[in-house]
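Single-letter residue listing:
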Amino acid sequence: YSYNIIIYIIMSECDENPSSLAFTAAAFSAIALLRIAQAKRTNQGSLFGRRKLRQSDSGGTAPGQDLISARGTALLTPSLPYINDYFKCLEDQYDPYSNPRGHIPLCISENKLAIDTLASRLMQVNPFSDSIVYSYNNFLGLPSPREALAYFLTKHFLFPEEKDMSYREALKWISPDCVAFGSGAGSLLNHLAMSLAEKGEAVLIPAPFYAGFDSDMKLLAGCVTVPVHSADPSAGPTAEELEEAALAAESRGLRIKILLITNPHNPLGTIYTPESMKSMIDWARSRNLHTIVDEIYALSTHYDFGHGFESVLRTLKNDLGNDIHHIWALSKDFGSSGFRVGTLYTQNMRLLASVANLNIFSCVAHPMQMMLAEIFFDDNFIYPYLHEARTKIRCSYELCTKKLDDMVIPYVPAKAGIFVYADFSSLLPEQTPEGEARFAKLVLDSGRLIMTPGQAQHDRKPGMFRICYCFVTPDVLQIAMERLDKIVGKIRRWHWDNLNSESLNGIIT
């Protein structure tokens, strides 16, 4: 019967219009009908068969869907609690011309303000000309890029005042054999957790802290993150506060193995003093712990000088021993999170050998390494670029904090980073995590804004939010802050009991 249909269609079309186009169209139509007929007979193939498979025997799921492992099921949890709302924002993102009522994400810590400058320099590089990029090599990185990284770390972390230090002199201080590339800081943090701790062992982290650390430590390595709360989070926990957190964790049956410190701090935007860093490291060493120092915002200070940041490499006079491990990445200081490039510096060669094997799954592509090698060596580009980036960061920070001042919203004064940590607790319907969630939902639904909630960052005080002001241009940031200002005003005027579609009207214009 199907074949009769095919013949009839082809003959009819060719009689009316014998052109090759008509014949081709008729032939495709006929083939499609034939496939439908086959699918109906077999209940397989095409859309008909697939639908029947999905509705088959065991509870309406396709065969194999229930065979995912327990580990696979654990991986279904989003890596960031707010990431799904962020993806929704991207589907309806603000545009001043085509979508002026769209969403504005302020929850992702990315610096998009100097991308054009970086892109114009990168487009001058041809990373494919060297045959070495086409072959397997050391999974920690190619020789030349590792040399470039060692040079870069020496000049910008260990001796930032030595702008004229030569390549040969720089490599006397940091050996290329001690540095490595990985596919982002998160990937390398996972590798360190895998290599330094056993499943179920604990990682102490001064709170509040970056929400992604939970998945970095837990998702594959199976470690347990333990927030360390302190009287003055901007100054960092004292040895006594670290010991108190450790004892509390041990009373729950946990074994402490790692201390993870972020400096400059995320989400506070503050900078630990060298004395505070040394105190935390000394405490960790007294307990034979490993210390990971994440300096991913090291070059995103608000000024070139006088900011107070000192790398742990300098604080320890480059004597890291086997227990101090330094993490950095391009994601923040160079606004290139999409490049997926993180760096590790450690003097623990046994650890590096372990990371090399893990890096089989997450090494950085060789052309990208060669591109970065040229950039890391180019002092004539790096210093002006960092100055431009810092200037733009500072301008957006001042725009954001001025609006917060106008709203009478307290915040933590920042010296570095690309965000500000603001206190909206006075606006919550109740001083609970649920109250914070209701406020976040109101901001998202009525203002089409999303900020990073404090609960996701292990803050004990409800109502704290991180505003990532470098994710958008200053003009878009201005619009976002105006929307936020209107929401704050309406809550104060109407209170939560009287908030409705009528009272919330006019937030987005």
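Only a predicted model underlies this, so the values are computations on that prediction, with no experimental measurement involved.

What follows covers the overall build of the protein chain. The secondary structure content of the protein chain amounts to 19 helices and 12 strands. Considering the protein chain as a whole, with its 509 residues, one finds that 53% of them fall into the buried category. Partitioning the contacts of the protein chain with sequence separation of at least 6, the portion at a separation of at least 24 is 73%. For the protein chain, the exposed area adds up to about 24200 Å²; of that, 55% sits on carbon and sulfur atoms.

Right, let's talk about the packing of aromatic side chains for a bit. Evaluated as defined, the whole model comprises 22 aromatic pairs. Here Phe-159 and Trp-173 contribute two aromatic rings whose centre-to-centre distance is 4.8 Å and whose plane-to-plane angle is 70°, an arrangement assigned as edge-to-face. Of this pair, Phe-159 sits in the loop between helix H7 (143-158) and helix H8 (167-173) while Trp-173 sits in helix H8, placing them 14 residues apart in sequence. A connected cluster of aromatic rings, assembled from ring pairs, spans Phe-152, Phe-157, Trp-328, Phe-334, Phe-376, Phe-381 and Tyr-385. The ring of Phe-419 has Arg-466 sitting right over it, with the charged end atom 5.4 Å from the ring centre.

Each neighbour pair has its own omega, and for Ala-207 with Pro-208 the value is -5°, a cis peptide bond. Along the chain, Pro-208 falls in the loop between strand S3 (202-206) and helix H10 (212-218). Omega for the bond connecting Asn-263 with Pro-264 falls within 30 degrees of zero, at -5°, which places this linkage in the cis form. Relative to the helices and strands, Pro-264 is located in the loop between strand S5 (256-262) and helix H12 (274-286). Despite not being glycine, Val-408 shows a phi value in the positive range, around 60°. Mapped onto the secondary structure, Val-408 falls in the loop between helix H17 (379-407) and strand S9 (411-412). One non-glycine residue, Arg-448, lies in the positive phi region at around 50°.

This part covers the nonpolar core. In this structure, Leu-404, Phe-424, Phe-439, Met-451, Ile-467 and Leu-484 are the most contacted members of the largest nonpolar core, which totals 84 residues. When residues of this core are assigned to their parent elements, the largest contribution, 8 residues, is made by helix H19 (residues 474-494). Other than its neighbours up to four places away in sequence, Leu-484 contacts Met-407, Phe-424, Val-443, Leu-449, Met-451 and Ile-467. In this structure, Ala-114, Ile-174, Val-179 and Ala-245 belong to the second largest nonpolar core, which totals 67 residues.

Before going further, it helps to spend a moment on a nonpolar patch on the surface. Judged by side-chain polarity, Leu-75, Met-194, Leu-219 and Leu-220 come together as a nonpolar surface patch covering roughly 360 Å² of accessible area. Relative to the assigned elements, Leu-219 resides in the loop between H10 and strand S4 (224-228).

This brings us to H7. Three- or four-residue spacings in an α-helix give side chains the same orientation, since the helix completes a turn every 3.6 residues. If you check H7, its first and last C-alpha atoms are 21 Å apart, about what 16 residues at 1.5 Å a residue would give, namely 22 Å. With 13 of 16 residues buried, H7 lies mostly within the body of the structure.

Another point: the environment of Lys-155. Locating Lys-155 in the fold gives a position in helix H7. In sequence terms Lys-155 and Tyr-167 are 12 residues apart; their C-alpha atoms lie 9.4 Å from each other. Here Lys-155 is in contact with Pro-160, Glu-162, Lys-163, Asp-164, Met-165, Asp-379 and Tyr-383, once residues within four sequence places are set aside.

Turning our attention to the sheet that holds S5. Across the sheet, which stays open at both edges, the 7 strands sit in the order S2-S8-S7-S6-S5-S3-S4 with mixed pairing between neighbours. Both outer strands of the open sheet, strand S2 (179-182) and S4, are each paired with one neighbouring strand and no more. On average, adjacent strands in this sheet sit at an angle of 25° to one another, irrespective of strand direction. Relative to strand S7 (residues 324-329), strand S6 (residues 290-294) runs parallel, the two sharing 4 bridges. Across the sheet, the residue bridging to Thr-291 is Ile-324, located in S7. Sheet contacts for H12: S3, S5, S6 and S7; angle to S5, the most-contacted strand, approximately 170°.

To continue, consider the pairing of strand S10 (residues 420-423). The side-chain alternation of S10 yields two buried faces, one formed by Val-420 and Ala-422 and the other by Tyr-421 and Asp-423. In terms of strand pairing, S10 meets strand S12 (residues 464-467) through 4 bridges, oriented antiparallel. Within S12, the residue paired with Asp-423 across the bridge is Met-464.

Okay, helix H6 (residues 115-122) next. Along H6, the residues classified as buried are Leu-118, Arg-121 and Leu-122. The arc that holds every buried residue of H6, seen down its axis, measures 100°, which confines them to one face. Considering only its buried residues, H6 is in contact with helix H16 (366-377) and H17.

Looking at the protein chain, the pLDDT average stands at 89 and 87% of residues meet or exceed 70. Considering only residues more than four positions removed or in separate chains, one finds that residues 20-25, a stretch of pLDDT under 50, has 4 contacts. Counting interchain partners and residues more than four positions distant, the pLDDT-below-50 stretch residues 39-60 has 17 contacts.

Reading guide: rules and limits
- Residues numbered from 1 in each chain as written.
- Predicted model: local features only at pLDDT ≥ 70, side-chain atom pairs only at ≥ 80, totals over all residues.
- Heavy atoms only, no water.
- Helix = DSSP H or I, 4+ residues; strand = E, 2+ residues; numbered from the N terminus.
- Buried < 20%, exposed > 50% of the residue type's maximum accessible area, 1.4 Å probe, protein only.
- Contact = heavy atoms within 4.5 Å.
- Areas by Shrake-Rupley, 256 points an atom, 1.4 Å probe, with all protein chains shown as cover.
- Phe/Tyr/Trp six-rings, centres within 6.5 Å; stacked < 30°, edge-to-face > 60°.
- Lys NZ or Arg CZ within 6 Å of the ring centre and 35° of its normal.
- Core = buried A, V, L, I, M, F, W, Y, C linked by side-chain atoms within 4.5 Å.
- Patch = residues over 30% accessible without salt bridge, like charges linked within 9 Å, V, L, I, M, F, W, Y side chains within 5 Å.
- Salt bridge = Lys/Arg side-chain N within 4 Å of Asp/Glu carboxyl O.
- Expected span 1.5 Å × (residues − 1).
- Pairing = 2+ DSSP bridges.
- Axes fitted to C-alpha atoms, helices over the stretch in contact; angles between N-to-C directions.
- Arc of directions from axis to C-beta.
- pLDDT = per-residue confidence, 0-100.

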